Amino acid sequence: MLNIAPEVEVLARFGRALADPIRCQLLLALREAPAYPSDLADRLGVSRTRLSNHLACLRDCGLVVAVPDGRRTRYELADPRLGHALDDLRTAVVAVETDKTCVDAETKGCC
């Protein structure tokens, strides 16, 4: 049974998913069209094991669904509106300070 998450939880799940560059690339690829894990791994240049872990995270966040297709499994965005949200986020203007105050910015590349 599927549960609808409250809006704050939806945002938190989306943020968790976007916190990793590979998951961002996966979401953008699935925004274009549903795909099979082997094709996604080749496209992103990552191992199938690593890709599988990221797909599991995106499934757990509720952003992608696995669709059985014969002996294979195809992945797609759980809701077409997620593609629109990704487009809006991609084109949003982000104000970034030139004076970085985060002490981990250089080592973690987080800010």
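Rules of the game
Residues numbered from 1 in each chain as written. Predicted model: local features only at pLDDT ≥ 70, side-chain atom pairs only at ≥ 80, totals over all residues. Heavy atoms only, no water. Buried < 20%, exposed > 50% of the residue type's maximum accessible area, 1.4 Å probe, protein only. Helix = DSSP H or I, 4+ residues; strand = E, 2+ residues; numbered from the N terminus. Arc of directions from axis to C-beta. Polar contact = N/O pair within 3.5 Å; in protein donor to acceptor, adjacent residues only side chain to side chain. Contact = heavy atoms within 4.5 Å. Expected span 1.5 Å × (residues − 1). Axes fitted to C-alpha atoms, helices over the stretch in contact; angles between N-to-C directions. Parallel < 35°, antiparallel > 145°, perpendicular 65-115°, else oblique. Nonpolar A, V, L, I, M, F, W, Y, C, P; charged D, E, K, R; others polar.

Caption draft 1: How the structure looks around helix α3 (residues 37-44). Regarding α3, the residues found buried are Ser-38, Leu-40, Ala-41 and Leu-44. Taken end-on, α3 shows its buried residues confined to a sector of 165°, consistent with a single buried face. Positive phi appears at Gly-45, one or two residues downstream of α3, with a value of about 70°.

Caption draft 2: Looking closely at the side chain of His-54. Summarising the element assignment, His-54 is placed in helix α4 (residues 48-60). In terms of polar contacts, His-54 uses its side chain to reach the side chain of Arg-23, at 3.4 Å. The contacts of His-54, once residues within four sequence positions are left out, are Asp-20, Ile-22, Arg-23 and Leu-26.

Caption draft 3: Structural view of helix α5 (residues 80-91). Here α5 contains twelve residues, and its C-alpha end-to-end distance of 18 Å stays within 8% of the 16 Å for a straight helix at 1.5 Å per residue. The secondary structure elements touched by the buried residues of α5 are α1 (7-18), α2 (21-32) and β2 (72-77).

Caption draft 4: Looking closely at the packing of α2 against α4. Contact geometry for α2 and α4: axes closest at 10 Å, N-to-C directions at 75°. The angle between α2 and α4 falls in the class roughly perpendicular. When α2 is examined against α4, the residues Ile-22, Arg-23, Leu-26 and Leu-27 are found in contact with a partner set consisting of Arg-50, Leu-51, His-54, Leu-55, Cys-57 and Leu-58. Its residues assigned to classes, the contact of α2 with α4 comprises seven nonpolar, one polar and two charged.

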